[in-house]
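What follows is the residue order along each chain.
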Amino acid sequence: MATKSTIEWTEATWNPSTGCDSLSPGCENCYAERMAHRLKAMGQKKYSKGFQLTLHPDTLELPLRWKEPQTIFVNSMSDLFHHEVPLKFIQQVFSTMRLASWHQFQVLTKRSGRLLAFSDEIDWPSNVWMGVSVESEGYSARIDHLRRTGARIKFLSLEPLLGPLNALDLEGIDWVIVGGESGPGARPILPEWVTSIRDQCDQARVAFFFKQWGGVQKKRAGRVLEGRTYDELPRSLAQAPSLVQLETR
């Protein structure tokens, strides 16, 4: 059975590697790091090294055993393109995703330079959505790196959104997720940052998903933007069987 996820834009998670290192301001209050240390304290074998980068080759074929089509977030507890993850291991992950063609896989990285450097070494399956995280304008170059890869579906995770992004280049981008930071020490998000991105997506005809306002009590803050929720998906995939339950507009 896949690990069910409470993340609003996916259904399940698969972690062929765990652990990571801080790379940019968006990492400052990393939920995955907090969770990894908690799981270590609980005696979870997979997290015996806490948040130290660890490969789990024994999990590489897990999605092949999950027969019900699902949308699967890959490495919710790590970064597949971390510098300590060998290219061969990355290729094995992509091989599994290609073989598990009944699933949709979502891969997200902040290490867009390494993603681009390896792009020609990856056989890109059509059921893989590749994304980059961009928390503020100073990291928008990650979008250019993503655009130059061979991924069929390209998306942005603008979370935690730490500043305005008023001049996004959305050419070649299929989907944009926006969210505020949540948990201890959460930094604020301004409504005008979100509405600007929504309007840019609308103008560029790019699917827009507003995940949350965040804050210390994110459930109370909710995810309503100007009277409604936004749960759009990449338009070419919105009616795929495994995605119907995510399409709640």
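What counts as what
Residues numbered from 1 in each chain as written. Predicted model: local features only at pLDDT ≥ 70, side-chain atom pairs only at ≥ 80, totals over all residues. Heavy atoms only, no water. Helix = DSSP H or I, 4+ residues; strand = E, 2+ residues; numbered from the N terminus. Contact = heavy atoms within 4.5 Å. pLDDT = per-residue confidence, 0-100. Expected span 1.5 Å × (residues − 1). Buried < 20%, exposed > 50% of the residue type's maximum accessible area, 1.4 Å probe, protein only. Salt bridge = Lys/Arg side-chain N within 4 Å of Asp/Glu carboxyl O. Pairing = 2+ DSSP bridges.

Caption draft 1: Expanded view of the environment of Val-132. With respect to the element layout, Val-132 can be found in strand 7 (residues 128-133). If we skip the residues at most four places from it in the chain, Val-132 touches Leu-108, Thr-109, Ser-112, Leu-115, Arg-142, Ile-143, Leu-146, Phe-155, Leu-156 and Ser-157.

Caption draft 2: Seen up close, the confidence of the model for the chain. Of all residues in the chain, 94% have pLDDT values of 70 or greater, and the mean over the chain is 94. Below a pLDDT of 50 lies the segment residues 238-249, which in the model reaches 28 contacts outside its immediate sequence neighbourhood of four places, other chains included.

Caption draft 3: Here's a closer look at helix 5 (residues 191-204). Taking 1.5 Å per residue as the helical rise, helix 5 with its 14 residues ought to reach 20 Å, and the 20 Å between its terminal C-alpha atoms agrees with that figure. For helix 5, every residue scored as buried is listed here: Trp-193, Val-194, Thr-195, Ser-196, Ile-197, Arg-198, Gln-200 and Cys-201. Where helix 5 is buried, its residues contact strand 8 (153-158), strand 9 (175-179) and strand 10 (207-212).

Caption draft 4: Seen up close, the pattern of salt bridges. Counted according to the given criterion, the structure contains eleven salt bridges. Arg-142 is the partner of Glu-135 in a salt bridge, and the nearest nitrogen-oxygen pair spans 3.0 Å. Across the pair, exposure class does not vary: Glu-135 and Arg-142 are buried alike. The salt bridge partner of Glu-226 is Arg-198, with a shortest N-O separation of 2.7 Å. Pair noted here: Glu-226 is in the segment after helix 6 (218-221) and Arg-198 is in helix 5, with a separation of 28 residues, a long-range link. For Arg-198, a relative accessible area of 13% corresponds to the buried category. Within the structure, one salt-bridge network assembled from shared partners comprises Glu-28, Glu-181 and Arg-187.

Caption draft 5: Broad picture of the sheet that holds strand 6 (residues 104-109). A sheet is described by the order of its strands in space; here eight strands give the open sequence 1-2-5-6-7-8-9-10, paired in mixed fashion. The open sheet is flanked by strand 1 (3-4) and strand 10, the only strands paired with a single partner. Here strand 9 pairs with strand 10 via five bridges, running parallel. Within strand 10, the residue paired with Ile-177 across the bridge is Phe-209.

Caption draft 6: Main features of unusual backbone geometry. The omega torsion of the bond from Glu-159 to Pro-160 falls at -5 degrees, within 30 degrees of zero and hence cis. Positive phi values are uncommon outside glycine, yet Asn-75 reaches one of about 65 degrees.

Caption draft 7: Molecular detail of the side chain of Thr-13. Structurally, Thr-13 is set in strand 2 (residues 12-14). Note on Thr-13: relative accessible area 11%, which makes it buried.

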